Amino acid sequence: MIDQGPVALAEPTVAPRTGTTHADDATKTFVLDTNVILHDSACLRQFAEHDVAIPITVLEELDRFKKGSEDKHFHARQFLREVDALTGDALALPDARPPAPDDLDPAYGSPPVDASPPDGVPLGPGLGRLRVVFGGEFRKKLAAFFTEQTPDHRILEAALTLRERSPGPVILVTKDTNLRMKAKAFGLVAQDYENDKIADADVLYTGKRLVEGLDRDFISKFYSDETRQRVSVEEFADACDAAVPEAPFEPPVPHENFILKNCSNSALATFDPAEGLLRRVEKPTAYGIQPRNAEQLFAMRSLLDESVRLVTLAGKAGSGKTLLALAAALQQKQEYRQVLLARPVVPLSNRDLGYLPGDVNDKLDPYMQPLFDNLNVIRHAVGDESGDGQKIAEMRESGKIEISPLAYIRGRSLSRVFFIVDEAQNLTPHEVKTIITRAGEGTKIVLTGDIHQIDHPYLDSRSNGLSYLINRMKGQSIYAHVTLEKGERSELAELASDLL
């Protein structure tokens, strides 16, 4: 939710605000930018008892997003329906009337600053009120700095006009960093929309834990036939308390992985929620691909575990996220009706699909090429002429393996599908929810991505769908996550990732 604590407003550069709307002058008014609504159509009710204002320019922009099948089009339609329901039979909210020419302030071309803002319509019990607001004409002060009357500048002008007329603080809420900077330059408080942001990306759940200084006898239990290479949580807690008595024991969460060490021995283990025990992790191989480090081993275990229906793999480029997911999918091809690979199409350098030559397949190939590259790596690993290598080509021809842009997945019901979503850090939390709710009976979903390599203009490491999913799903019995930190593509790639 947007921070509702005290905010420091800049000294006003206009006449003092007068008039009253609420008995409590501390009530804030949050002015929403279009990108906030396209990110979360339910944003109106995320501001507690405070008021929400929608500039008329925002409604004008939303009109351009009513038609379409992408997530932003869904949010635009949903929001407009909600506002229509809130306003009832009123064709215009009380504040949605352009000022008469005689009422304009000659200094700014805006309504007089002593005009009392109307009440608007209630958002619900315990919530504030909603208003649609007009700004004045494109004021002289803004026109002196901005040569164009862009929608962003008209939204900024509406927020500044509202600040002059409102008794309480006015805050512009936008996911556009540049617009926030412009607003602050005019002394207007501006914030990002933080309702679905995680607290801190640097402490995001990694799915693995290193425990050192354990007793040798404890570690040997993971290699003993008598214990079936399983250890109870109580024994694990006692061993941890003995190794690090000053640190409180943190109980394991479902499918959390552990690197257990003493001076000369080590073991890799995972917490099995079905048995309530820690069990040793063996080194698996999937379709010719072998894990090269402990993190990849943990990831492969989760990918091959039938009890885990949702897996997230995060990590930098070259850590093997997509390759491991593809290899695990091919290894289990008999268990699933189809292996479906998808990734969001996020154009770079402002070049959209229409810029590229050719038909739809030609346009999409550059975006899907990383998935084809990983399939080729696996085919070479098993041998191009081997039975498994030939099987990959046959699966592609028959549709058993399908590679598709993510936009084409919406609306489908996926039953008995091994579904891999690559570059999931470029998805919004709502898009991730839409994808996962496509899962039918017997489907497994894997999302991979690097939360520090985001191409979406309105997402960051705290607000992207992958981070949000990891944060919310931690502790669920059918969910597993691993953060891969070591690059395995090549020594050169690892060096570039660390230093450049």
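We now turn to the structure provided with this report.

Conventions used here
Residues numbered from 1 in each chain as written. Predicted model: local features only at pLDDT ≥ 70, side-chain atom pairs only at ≥ 80, totals over all residues. Heavy atoms only, no water. Helix = DSSP H or I, 4+ residues; strand = E, 2+ residues; numbered from the N terminus. Buried < 20%, exposed > 50% of the residue type's maximum accessible area, 1.4 Å probe, protein only. Polar contact = N/O pair within 3.5 Å; in protein donor to acceptor, adjacent residues only side chain to side chain. Phe/Tyr/Trp six-rings, centres within 6.5 Å; stacked < 30°, edge-to-face > 60°. Salt bridge = Lys/Arg side-chain N within 4 Å of Asp/Glu carboxyl O. Pairing = 2+ DSSP bridges. Axes fitted to C-alpha atoms, helices over the stretch in contact; angles between N-to-C directions. Contact = heavy atoms within 4.5 Å.

### Quick notes on the side chain of H39
Now for step 1: Looking at where H39 falls in the secondary structure, it is placed in helix 1 (residues 34–39).
Now for step 2: The class for H39 is buried, based on a relative accessible area of 6%.
Now for step 3: Looking at H39, its side chain comes within polar contact range of the side chain of D196, at 2.7 Å.

### Observations concerning the packing of aromatic side chains
Now for step 1: Applying the stated criterion across every chain yields a total of nine aromatic pairs.
Now for step 2: Judged by centre distance (6.4 Å) and plane angle (50°), the rings of F47 and Y193 are tilted. Pair noted here: F47 is in the loop between helix 1 and strand 2 (51–55) and Y193 is in the loop between strand 6 (189–191) and strand 7 (208–211), with a separation of 146 residues, a long-range link.
Now for step 3: Centroid distance F218 to F222: 5.6 Å. Interplanar angle 85°. Geometry classified as edge-to-face. The same class applies to F218 and to F222, which are both buried.
Now for step 4: An aromatic cluster is built from F218, F222, F236, F249 and F258, whose rings are joined through pairwise contacts.

### Structural notes on the pattern of salt bridges
Now for step 1: According to the stated counting rule, one finds 18 salt bridges in the structure shown.
Now for step 2: Between K175 and D192 there is a salt bridge, and its shortest N-O distance comes to 3.3 Å. Residue K175 is located in the loop between strand 5 (170–173) and helix 6 (177–185), and its partner D192 is located in the loop between strand 6 and strand 7; the two are separated by 17 residues in the primary sequence. The residues K175 and D192 share a single accessibility class, namely buried.

### Here's the deal with the sheet that holds strand 17 (residues 479–484)
Now for step 1: With parallel pairing, the six strands of this open sheet are ordered in space as 14-13-15-16-12-17. Because the sheet does not close on itself, it has two edges, and the strands there are strand 14 (401–405) and strand 17. Going from strand to strand, the sheet's axes swing by 15° on average, the running direction of each strand aside.
Now for step 2: Pairing of strand 12 (residues 310–315) with strand 17, which is carried by six bridges, proceeds in the parallel orientation. Each residue of the ladder has a partner; that of L310, found in strand 17, is Y479.
Now for step 3: In the packing of helix 10 (residues 321–331) onto the sheet, the strands contacted are strand 12, strand 13 (338–343), strand 14, strand 15 (417–421), strand 16 (444–449) and strand 17, and the crossing angle to strand 15 comes to about 175°.

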